[in-house]
Number of protein chains: 4
Amino acid sequence: MQFLSDNAARVHPQVWAAMQAADAPDAPYDNDVLSQRLDAAFCELFGRDCAALWVGTGTAANCLSLTTLVEPHGGVICEENAHIERDECGAPGFYLHGAKLLLAKGEGAKLTPEAIEAVAAGITRGVHQVPAQAVSITQVSEFGLAYSPAELANIGTVTSRLGLGLHMDGARFGNAVAFLGCTPAEAAGPAKALSFGFTKNGAMDADAIVLFDPAQADLVRWRRKRAGHLRSKGRFMAAQLLAMLEGDLWLDLARKANAAAGLVAEGAAERLLYPHQSNELFVRLSAEERAVLRAEGFAFYDWDEAHVRIVAAWDTRPEHAEALGRAIARL
Amino acid sequence: MQFLSDNAARVHPQVWAAMQAADAPDAPYDNDVLSQRLDAAFCELFGRDCAALWVGTGTAANCLSLTTLVEPHGGVICEENAHIERDECGAPGFYLHGAKLLLAKGEGAKLTPEAIEAVAAGITRGVHQVPAQAVSITQVSEFGLAYSPAELANIGTVTSRLGLGLHMDGARFGNAVAFLGCTPAEAAGPAKALSFGFTKNGAMDADAIVLFDPAQADLVRWRRKRAGHLRSKGRFMAAQLLAMLEGDLWLDLARKANAAAGLVAEGAAERLLYPHQSNELFVRLSAEERAVLRAEGFAFYDWDEAHVRIVAAWDTRPEHAEALGRAIARL
Amino acid sequence: MQFLSDNAARVHPQVWAAMQAADAPDAPYDNDVLSQRLDAAFCELFGRDCAALWVGTGTAANCLSLTTLVEPHGGVICEENAHIERDECGAPGFYLHGAKLLLAKGEGAKLTPEAIEAVAAGITRGVHQVPAQAVSITQVSEFGLAYSPAELANIGTVTSRLGLGLHMDGARFGNAVAFLGCTPAEAAGPAKALSFGFTKNGAMDADAIVLFDPAQADLVRWRRKRAGHLRSKGRFMAAQLLAMLEGDLWLDLARKANAAAGLVAEGAAERLLYPHQSNELFVRLSAEERAVLRAEGFAFYDWDEAHVRIVAAWDTRPEHAEALGRAIARL
Amino acid sequence: MQFLSDNAARVHPQVWAAMQAADAPDAPYDNDVLSQRLDAAFCELFGRDCAALWVGTGTAANCLSLTTLVEPHGGVICEENAHIERDECGAPGFYLHGAKLLLAKGEGAKLTPEAIEAVAAGITRGVHQVPAQAVSITQVSEFGLAYSPAELANIGTVTSRLGLGLHMDGARFGNAVAFLGCTPAEAAGPAKALSFGFTKNGAMDADAIVLFDPAQADLVRWRRKRAGHLRSKGRFMAAQLLAMLEGDLWLDLARKANAAAGLVAEGAAERLLYPHQSNELFVRLSAEERAVLRAEGFAFYDWDEAHVRIVAAWDTRPEHAEALGRAIARL
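Computed from a predicted structure; not experimentally measured. (Residues numbered from 1 in each chain as written. Chains lettered and ligands numbered in written order. Predicted model: local features only at pLDDT ≥ 70, side-chain atom pairs only at ≥ 80, totals over all residues. Heavy atoms only, no water.)

Draft legend 1. Examining the sheet that holds strand 10 (residues 307-311) of chain B more closely. All names here are of chain B. Taken in spatial order, the three strands make up an open sheet running 8-10-9, and their pairing is antiparallel. Strands with a single pairing partner mark the edges of an open sheet, and in this sheet they are strand 8 (280-284) and strand 9 (301-302). Alignment of strand 9 against strand 10, held across two bridges, turns out to be antiparallel. Note that in strand 10 the partner of Asp302 across the bridge is Val308. (Pairing = 2+ DSSP bridges. Helix = DSSP H or I, 4+ residues; strand = E, 2+ residues; numbered from the N terminus.)

Draft legend 2. The UniProt feature "domain: Aromatic amino acid beta-eliminating lyase/threonine aldolase" (unreviewed entry) in chain A, seen in detail. In the numbering used here, UniProt assigns the "domain: Aromatic amino acid beta-eliminating lyase/threonine aldolase" (unreviewed entry) feature to residues 2-269 of chain A. In residues 2-269 of chain A, helix accounts for 44% and strand for 14%; the two terminal C-alpha atoms are 20 Å from one another. (UniProt positions renumbered as here; feature names shortened; annotations may be inferred.)

Draft legend 3. Quick look at the confidence of the model for chain A. Per-residue confidence for chain A gives a mean pLDDT of 97; residues scoring 70 or more make up 100%. Two numbers describe this predicted complex: its pTM, 0.97, and its ipTM, 0.97. (pLDDT = per-residue confidence, 0-100.)

Draft legend 4. Representation of the sheet that holds strand 4 (residues 132-138) of chain D in the model. Residue and element names in this part refer to chain D. A sheet is described by the order of its strands in space; here seven strands give the open sequence 1-7-6-5-4-2-3, paired in mixed fashion. In this open sheet, the two edge strands, each paired with only one partner strand, are strand 1 (51-55) and strand 3 (100-104). Strand-to-strand, the axes of this sheet are offset by a mean angle of 20 degrees, without reference to chain direction. The sheet strands contacting helix 4 (residues 58-66) are strand 1, strand 2 (75-79), strand 5 (165-170), strand 6 (193-196) and strand 7 (207-211), and the helix crosses strand 6 at an angle near 175 degrees. (Axes fitted to C-alpha atoms, helices over the stretch in contact; angles between N-to-C directions. Contact = heavy atoms within 4.5 Å.)

Draft legend 5. Looking closely at the pattern of salt bridges. All names here are of chain A. Summed over all chains, the structure comprises 76 salt bridges over all chains. In this structure, Asp302 and Arg290 form a salt bridge, with 2.9 Å as the shortest nitrogen-oxygen distance. Placement of the pair is Asp302 in strand 9 (residues 301-302) and Arg290 in helix 14 (residues 287-295), with a sequence separation of 12 residues. Overall, Asp302 belongs to the partly exposed group, its relative accessible area being 37%. When salt bridges with common partners are traced through the structure, they connect Asp6, Arg172, Glu280 and Arg309 into a single cluster. (Salt bridge = Lys/Arg side-chain N within 4 Å of Asp/Glu carboxyl O. Buried < 20%, exposed > 50% of the residue type's maximum accessible area, 1.4 Å probe, protein only.)

Draft legend 6. Just the packing of aromatic side chains, in detail. Here the structure, examined in full by the defined rule, presents 72 aromatic pairs over all chains. A ring pair is formed by Phe143 of chain D and Trp303 of chain D, whose centres lie 5.6 Å apart and whose planes are at 70 degrees; its orientation type is edge-to-face. In this pair, Phe143 of chain D sits in the loop between strand 4 and helix 8 (149-162) while Trp303 of chain D sits in the loop between strand 9 (301-302) and strand 10 (307-311), placing the two residues 160 residues apart along the sequence. Relative accessible area serves as the criterion here: at 26%, Trp303 of chain D is assigned to the partly exposed category. An aromatic cluster of three or more residues is present, and its members are Phe42, Phe46, Phe173, Phe196, Phe198, Phe212 and Trp250 of chain A. (Phe/Tyr/Trp six-rings, centres within 6.5 Å; stacked < 30°, edge-to-face > 60°.)

Draft legend 7. Molecular detail of the pairing of strand 10 (residues 307-311) of chain A. Residue and element names in this part refer to chain A. With five of five residues buried, strand 10 is to be regarded as a mostly interior element. Of the two faces of strand 10, the one carrying His307, Arg309 and Val311 and the one carrying Val308 and Ile310 are both buried. Here strand 8 (residues 280-284) runs beside strand 10; their pairing, made up of five bridges, is antiparallel. Note on strand 10: the bridge partner recorded for Phe282 is Arg309.

Have a look at this one:
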């Protein structure tokens, strides 16, 4: 019973079907009919003007998004647990040509307006310091917590005042929308560029870069090609994204993953590091307790000495999640 | 009847089957069972020690390969029609941090030892010039021509003498092997790093970086992650490559593509810019002649004012190729 | 008798005097009184609004200037003999993060509107090619030829039409103004960024970046610091530039250098590769003839098998120049 | 009475004399007689094999030094107050192509073996994290503290064990040697690359990159040119360095600066944040106290709310230093 990572989840049958339907000759790169539909599909989803481009990984989505907001000599304020800081092997430094991540601390890996302002306030010495040009937040955060529309609005107030761009790493954006019960536009808030993840949520290898300033799309297209991310058979990428949007499959699958995590959370309520808001839980477990659970067939990730990370996916079976919740409760 | 690009070809059924068989939980990234098999599979194919990594595009394969051979202040000698020079939007400059392509001219876009030496001989002014550190050749060349094992050996003699690394862009490496009738190892010759393309030859979006100095594999792994090319569900990439190797499917499909081009070549023999050696033909056609063919339902690419490019793929129907050959002969 | 390079010339006594006068405590970096005067001094010289920053080498001046005009994925059209292409060890690739030089050919290393248009016309394949974003020309060219105000206007017409920025490498800008007999503003023409060289013309190690869009100055200030070119005792840089501007010393010295070259040119008239327009001459000389001149005590640079390069400087003695002219005439 | 920065200090008369003596034609760049002497001069100073190159700023010296130790995807462990982290506007990210600074905390901005090991121990997740490849320490530290030879040896033990290169930022290396009373070689310890600063210590704008692995010198030469730091009249740079080495002028001047700081420290003993070990002092002073001192004519830098930074230079007058010490004692 696997709770290691939503990266290990299967590809949804509707995604498979769409990919196979796309297996006919069409124009290469993103000139095919399906890729050409993306802008309209995401405009409809968000109820506002935007451009949408497929890309194969969340790291590429984040870094290409940030190229629209940050110059090589600039800085990006992010929480110290952010994926771009901890898990991307310096990819932002590569894509942004040495631009710097400026670290702030936040509860549950969420940035606050105050934390952003504190970083900005420390930049006072002119050309001797890297100037902040953007903020990157993660929806849901690395600890599985969602930013509410109100919290996002407050962050937007600060970034506007400071003249900073706002990027949202939405590797689990669907899980945020599912938890918040709001519209996608509300969950994106004032972000100018969104990495909208689908791979963890039922796609094979397709995420979307959503640019709420569509004038930036050409820049991202150049940079995507230059980074070797423009696939020759892009129709298979577009097919995945369109299948995920069709009938809000993405939202349905995110709800399923959240619900499965919720079943675990019920049994682990007193051990949760943070409240259950998505498909990720961080649960206080000793080494002995971990061994007991593993002996019962549960797989999960050792986060630190005190906690494990438990991740449910769209295809996590409810009975497995319940079983894990009960097993934790029994400890 | 489509002769525009092998990028537009379909995915082979055995590749589909292998991808679907891979759709079960496994370790993420390249820690899955299939990805772990790649080194052995390519070692067997080449009959020598090597490391093999999947990557999603030929541009990324080329650029990541070159990182093992060139420093940021160095240069790569290539033919002026090389894909890395003409078609990758400066990707080598991005991946190699400003390293420079040093252009040479060759007949049919093939480099010769003399052309390489001429470029190297022009670099005499110490730190004021970019030093050549590697050579990149394309097998088959941008004009569809193969380097014979003897030609490769001669190039290797020069690169060894000059202390240059040798990269081979094998976007159509299978077509070269099919034409040459030699082993893959012979077709790779003295190359230290090979971009072995499968996407144009029946895969969906998987090429291989083959490193004949396996000690460089870790470097490429870091750089692949840093470039956002380490997919979380890498098992689908490995599945494609293994399916293509299984029973030498890649060679069978390349032969089919070459043969289809051959059927066109029969009718176009007197109009060929270069001899038929792969799945690409460059055919002398006037604007009026092109219009005639297009009216008959043939699609192809306008190369320059005098020539069109005709590309067959693994799934080109022989009757279509014959029809095009006859149509050209009729002109 | 030295005609190798104007880099080997001495520092003018007025520059020495100004540097020594600057040797008193003042604010570090470019916060000193002298550095703060540069904008006004260059505005007066050019009779138009501009920003001026000191920098220690022509390579840095060129590359930092280009950062205001070109993005990392963009291209710079330049003549194939341009210093940025041939003599800066790939520095533009470093400073511009992999941006590409797009080479054109021109008579005497001068670009023409037609040559610029030809390069631009070849960029038709969207994201697969590096887009041209700027043009860089050299005043005087690598062969010592000046662009007239009319020629510059024609280039400006093309760059405006194509939406390209225009950079001028003015390592020998003073020599151009001295030859053209026009104002500095006329010799800069429609350039948006000018590398105005003083080091070859009597300074020790100070060139100026002149930005005719002063809003770009902050960008260059960040990039200059980031490239390690913001010296802590910047007052010595500013002192050099102000001394060179004082009483148009720069123009006086450039005239002297041009005149010295003219004395050589008189004797070499029938052997000149290009007409005498600055302080550089390219003279047809056989190996035997070179040996004769060297035996007479003249030092110069072997340009190619047929020509030598002869460079006069502000401190070249007229009698030496005359002697060289006569010696050539005698051959 | 100026205690703001040693950057504001004057150029020593012997440096001026050497520069003026160098004002005769010689080969350009670093091919002149003086530049060619540097390797031997620094070998003698350090009593071991090394290569030495001039460069115009400490930022460039640090970054070019690090290019010999770190790849673009690698990381450099440094203290969080290090100049490369706080004061160079991201220059390491530029020169190292996105390599990352990995921050550790140390008392008085000095790294310890334990701090280095702690950072290294946190890098466990393979390609998802930036691998540490080097350590950079500052001699004297940003708080003016010297590493003793024993401390350096302990750091060397750790870096050797972990396979990390060791860089030393010696912007105030002379002050360290003067305080430690050891040889330059002992003060450099196991460092592989040293930025040896002279500009703060009586030179105009010349620092040295000292490479204890001379085989790396060519790499630095290429990178120095590529970064626009190869000056055409390099003889003036070499002249400064040789003048500073002549008769150990550098050590004499560093001792003078340290002694002047010592005179201040006597009066400020109970207010010192750290013990007096160089020419820098951090002194606890309230806003009111600062105002009193400034009214008496003393200039210094506000470090934080509790402390000011006081820096003496080689030309600080002892009577001024005594006066400041007394003024602080009176508070």
